Amino acid sequence: MSAPNAPSNITQEPIRPDGEAWEPIDFPRVTSLRLSFKNIIEISNLNNFDSLLTLRLDNNIIDKIANLGHLKQLTWLDLSFNNIREIEGLGELHELLDLSLYHNQIEEIRDRLDGCPKLNILSLGHNNIQDLRQIDYLRQFQNLRCLCMDSNKICLAESYNQHVLAYLPHLKYLDYMLIDRKAVAQAQEGYDLEGITEVREKEQTEQARQKALAEKQAVIEKLKTAFLDCTENLFEEMFSKEVEPDNVLALACYPGLKEDYRDKLSEEIKGLRSRMEEKNDVRLRKVVAFEKAVYAAETESEEEAFQAIRDFKSLKKKVLSQIDREDNDRLRSEVDELIKQLMDQLSGLENHLMANEIQVQESIEEALSDFEAKISDLVKGMLDNSREFFQRLEELEKSFITGLTEGANTEIESFTQASESAMADTDPQKAKYLNNREEMNQALTNFTDAHNSLIQNKDDYMNNQMNSWNRSFFENHRGRQYNRNRQRVMDIRQVIEECRSEIQAASEDGNEYDEGDLGGWENWSSGFRAGASQKCFRDQWEMDDWNPQRDSWIVRGVSSFEHESNYVVIFSTQ
């Protein structure tokens, strides 16, 4: 913000009343800012306040609304008691609900608030608004409930209240007063019926136009999914005023040839859409099925990895708890062996997780390559359909321009003969074009060139659409798989390193574990004593020998980490 007589150098940090320095302000996270009564001249230096919801700049000397476009989240703006003459600079504040411009010098509000469609409260009191018809502009703000216009010249008009209530029936408060709904009904029934009717008809026309545009855009978006949007309005583009020369309008043969062109082009487009949409439906179904399969493979792999990690952590907890309880020095060698084998198992887990991730990555890449070949064949078929369509369109164009050229020559000959026999056409506009063969031929050449250029551009556009989708789809998938794989590898390394650190710490210093929380420890022990086998993180554990001196099982595990390793684990039943 700029203020008069501001000090040029500020070297001292702001101090709180208790003598401590203020905490630094994180400007991007500030949601409310009040700068009232600061003698601010212009709005500036708000670049970092992107999260502002409320901004108060009242009671300053600001004369221009500017530099607020980046405050996309702003809902309340107070610029009352300033020197503002024009409403401007609010076009980007689409979330604004409450706007106060009270006590300024504003004369015009029409077309100045289009960027604030959600306005709920608008205060324009004590300005220079004189035209009562300015109120009509506010009809478009369907959420407007509170309006203040007091102390403007329009308030002096006898019909002020009735006009506002008739044209803004959705208001609840006017100039700080609650509106009587009976007064609204009376104004609707008896005030300026002709004017309100005209306004309503214009609104209905505009609504119908907007609806038609929305429907047309929806059709184009649907066609775009099948790379067919360039065929919509193709005939209209080819025969638009910018393309169609005035010379041909003087030819009697032109309307018939043009209509014939329209009918044949319509049939060609219909056939193309039928063929392309059929192939495109297949493409979309294949894409959905492929992405679903990839997601399932990723999910299955992740769930398997998570389960392996959970099982290992559960086992680690039980083994380290056993170590923590062990205080017999003569069994230290067994404990050291247990730690060693637990570290071996951790290495096996790491190898398994990495191998599993590699296998998943290779499987997905193989599936992606196979799918790419199938989709490429499908896209090639669609490209063939596109090429055939534009070839037929070029033939149609040749037939049209040939017929038009022949017709033009015939009519020019007839006109020339009629002119020589004193039977000239009395239409001066027609005579202007038929009396100059060279100019007509040049117009036909330009017309043909414009059509051919448009056809070529449409052909290129459709081909680029299909090739671009095909390329970007597989590039995006491969990029996503690369990033996913990198993240999975980092996650695996992090988990393994955390487990390794815990085991090393337990080996060196001992580790405290809650003996009351052993999970399924007792069940595992009783299961082995009964001669049962147990599966742990995809390892098959089998009973090997019973140690009666320690009342425990010595168990040998055969790892399924694509390699074999023997290790000793002691499960105590004490």
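What counts as what
Residues numbered from 1 in each chain as written. Predicted model: local features only at pLDDT ≥ 70, side-chain atom pairs only at ≥ 80, totals over all residues. Heavy atoms only, no water. pLDDT = per-residue confidence, 0-100. Contact = heavy atoms within 4.5 Å. Phe/Tyr/Trp six-rings, centres within 6.5 Å; stacked < 30°, edge-to-face > 60°. Helix = DSSP H or I, 4+ residues; strand = E, 2+ residues; numbered from the N terminus. Buried < 20%, exposed > 50% of the residue type's maximum accessible area, 1.4 Å probe, protein only. Lys NZ or Arg CZ within 6 Å of the ring centre and 35° of its normal. Core = buried A, V, L, I, M, F, W, Y, C linked by side-chain atoms within 4.5 Å.

A. Expanded view of the confidence of the model for the protein chain. On average, residues of the protein chain carry a pLDDT of 83, and 82% of them reach 70 or more. In the predicted structure, residues 3–11 sits below a pLDDT of 50 and forms 5 contacts with residues beyond four places in sequence or in another chain. Contacts for the low-pLDDT stretch residues 510–574, under 50 throughout, to residues beyond four places or in other chains number 136 contacts.

B. Region of interest: the packing of aromatic side chains. One pass over the structure, following the stated rule, counts 17 aromatic pairs. When the ring of F239 is compared with that of F400, the centres are 5.6 Å apart and the planes differ by 85°; the resulting orientation is edge-to-face. Separated by 161 residues along the polypeptide, F239 in the loop between α4 (234–238) and α5 (246–249) and F400 in helix α7 (residues 332–420) bring together distant segments of the chain. When its relative accessible area of 4% is taken as the criterion, F400 is described as buried. Taken together, F235, F239, Y254, Y261, F400 and F447 form an aromatic cluster joined through their ring pairs. Geometry around W469 places R283 over its ring, the cationic atom sitting 4.4 Å from the centre.

C. Here's a closer look at the environment of S507. Position of S507 relative to the elements: it lies in helix α9 (residues 437–509). Residue classification places S507 among the partly exposed positions, given a relative accessible area of 28%. Along the backbone, S507 and K340 are 167 residues apart, and their C-alpha atoms lie at a distance of 9.5 Å.

D. Region of the structure containing the nonpolar core. Judged by nonpolar contacts, the single largest core of 55 residues is most densely connected at L55, L68, L77 and L90. Put simply, the parts of the chain that give this core at least two residues each are α1 (160–167), α2 (181–190) and α3 (193–224). Per element, the largest residue contribution to this core is 5 residues, and it comes from α1. Leaving out residues up to four positions away in the same chain, L77 has contacts with L55, L68, L90, L93, L96, D98, L99 and S100. In terms of nonpolar packing, the next biggest core, distinct from the first, is built from 53 residues, V248, I269, F415 and W469 among them.

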